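# An overview of the molecular structure
Spelled out, the chains give:
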Amino acid sequence: MNKRQLLQSFLAASAISFGLAPAFAQSPTPIKFQLDWRFEGPAALFLHPAAKGYFKAAGLDVTIDAGNGSGGTVTRVASGAYDMGFADLAALMEFHANNPDSPNKPVAVMMVYNNTPASVMTLKKSGITKPSDLTGKKLGAPVFDAGRRAFPIFAKANNIGTVNWTAMDPTLRETMLMRGDIDAITGFTFTSLLNLEARGAKTADVVILPYPDYGVKLYGNVIIASPKLIKENPAAVKKFLSAFAKGAKEVIANPAVAIESVKARDGIIDSKLETRRLQLAIDTVINSADARAEGFGAVNAGRMSLMASQVSDAFNTKTRVSPDAVWTAALLPPAAELNILKK
């Protein structure tokens, strides 16, 4: 070893001894994150900031996996298999109320879908034009579908009588509606509408009854975190949310570019179709009037309390949902970082 190398080694050792090691010497914090669904358009909200290196720049090593439903995401974060996730708030509330003794109940730390994307969809030929027309009809959806789970709230708000339910795999929902096996379906608007079009339906022939437009002001998807992570490393959660907000602002501004991050994870997606799906999500549940009024990422306390009560009743939970237990705003980025919605 020559004198120069010896001096460099001495200085590096001294820096570490006195706590002066550079930031890049620190290991990034690993975070396992699970989405609520497959790698489709809305997944760009998370895949884009990851692809741009925003999580990495914040000192986080984030792994993002596809999901198969919000209920599964909540359960996996609760089990410790994942640190954070993206899930429907109603599913999180249900888990809390039905598992009061669970030691690791996930907590919502940021609101993303300010309005539920759930709606009832049917075809014009059914003759259904308004919620009350659903009385006595045959509805179809997977048993875990958010719209189906929340349908009692929709029914109560719109004086809908008894309906008959048919369960099926998600891949068959829109097909069965097109075949006439069922009269209507529930689902996320930006998912089922495009699925119906892919099966030959014309947009003008699809009747959409969005829950938010008919008196059901439920919140939609939130970012959730395990209480273990929140307790042991709240800074990591804050960094994740800041990096996410930075990326989400770019996704909202330019969905077509952001969708490239989804294409990189699933090369067989139809980029044009998924860009439209993402734009629908942005327009209807992310950059909605309610979101602009309340501010991105935040919630309204009164609205949250009402939803907790509605979910407790509709889902017939073992205990009542506690709004304070399922949500915290303590880790949200500063207001300036959350100013990401288009006017």
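Predicted model, so just to flag it, every value in this text is computed and none were measured.

With that out of the way, let us pick up the overall build of the protein. Across its full length, the protein carries 16 helices and 10 strands. Radius of gyration (C-alpha) of the protein: 22 Å, near the 20 Å computed for a compact globule of 343 residues. Its C-alpha atoms give the protein principal-axis dimensions of roughly 85 × 45 × 35 Å. Going through the 343 residues of the protein one by one, you find that 50% of them count as buried. Counted over contacts in the protein with a minimum sequence separation of 6, partners at least 24 positions apart contribute 80%. For the protein, the accessible surface area stands at approximately 15700 Å², while carbon and sulfur atoms represent 54% of it.

Read from one edge to the other, the open sheet built from 5 strands follows the order 2-1-3-10-4, with strand pairing classed as mixed. In this open sheet, the two edge strands, each paired with only one partner strand, are strand 2 (60-65) and strand 4 (107-111). When the angles between neighbouring strand axes are averaged without regard to direction, this sheet yields 30°. In this sheet, strand 2 lies alongside strand 1 (residues 29-34) in parallel orientation, the contact comprising 6 bridges. From the neighbouring strand, glutamine 34 faces strand 2, where its bridge partner is aspartate 65. In the packing of helix 2 (residues 44-51) onto the sheet, the strands contacted are strand 1, strand 2, strand 3 (84-88) and strand 10 (221-225), and the crossing angle to strand 2 comes to about 145°.

This part is about the domain arrangement of the protein. Here the protein is partitioned into domain 1 (30-115 + 219-337) and domain 2 (118-213). Residue-level contacts link 21 residues of domain 1 with 16 residues of domain 2. It is Arg276, Arg277 and Phe315 that lose the most area in domain 1 upon contact with domain 2, and together they represent 31% of the buried surface on that side. At the boundary of domain 1 and domain 2, one finds 2 salt bridges. Note that arginine 149 and glutamate 94 form a salt bridge whose closest N and O atoms lie 2.6 Å from each other. It is helix 13 (residues 271-286) that contributes the most residues to the side of domain 1 that touches domain 2, 7 residues altogether. Partitioned by chemical class, the residues of the side of domain 1 that touches domain 2 number 10 nonpolar, 5 polar and 6 charged.

Before going further, it helps to examine the side chain of threonine 116. On the secondary structure map, threonine 116 appears in the loop between strand 4 and strand 5 (118-123). Given a relative accessible area of 6%, threonine 116 falls into the buried group. In terms of polar contacts, threonine 116 uses its side chain to reach the backbone amide nitrogen of alanine 118, at 3.1 Å. Excluding residues within four positions of it along the chain, threonine 116 makes contact with Tyr211, Pro212, Val216, Leu218, Tyr219, Gly220 and Val285.

Applying the stated criterion across every chain, the model contains 1 cavity of 30 Å³ or more. Estimated volume of the largest cavity: approximately 50 Å³. In this structure, the largest cavity is lined by Asp88, Ala90, Thr116, Ala118, Ala146, Ala150, Tyr211, Leu218 and Tyr219. The class makeup of the residues in the lining of the largest cavity is 7 nonpolar, 1 polar and 1 charged. Mapping the lining of the largest cavity onto the domain boundaries places at least three of its residues in each of domain 1 (30-115 + 219-337) and domain 2 (118-213).

The rules behind the values
Residues numbered from 1 in each chain as written. Predicted model: local features only at pLDDT ≥ 70, side-chain atom pairs only at ≥ 80, totals over all residues. Heavy atoms only, no water. Helix = DSSP H or I, 4+ residues; strand = E, 2+ residues; numbered from the N terminus. Rg over C-alpha atoms; globule rule 2.2 N^0.38 Å. Buried < 20%, exposed > 50% of the residue type's maximum accessible area, 1.4 Å probe, protein only. Contact = heavy atoms within 4.5 Å. Areas by Shrake-Rupley, 256 points an atom, 1.4 Å probe, with all protein chains shown as cover. Pairing = 2+ DSSP bridges. Axes fitted to C-alpha atoms, helices over the stretch in contact; angles between N-to-C directions. Domains from an automatic or database assignment. Buried area = accessible area lost by both parts, 1.4 Å probe. Salt bridge = Lys/Arg side-chain N within 4 Å of Asp/Glu carboxyl O. Nonpolar A, V, L, I, M, F, W, Y, C, P; charged D, E, K, R; others polar. Polar contact = N/O pair within 3.5 Å; in protein donor to acceptor, adjacent residues only side chain to side chain. 1 Å grid on protein atoms, 1.4 Å probe; cavity = no way out; pocket = protein on both sides within 12 Å on 5 of 7 lines; lining within 4 Å. Points joined across faces, edges and corners; volume = space filled by probe spheres on them.

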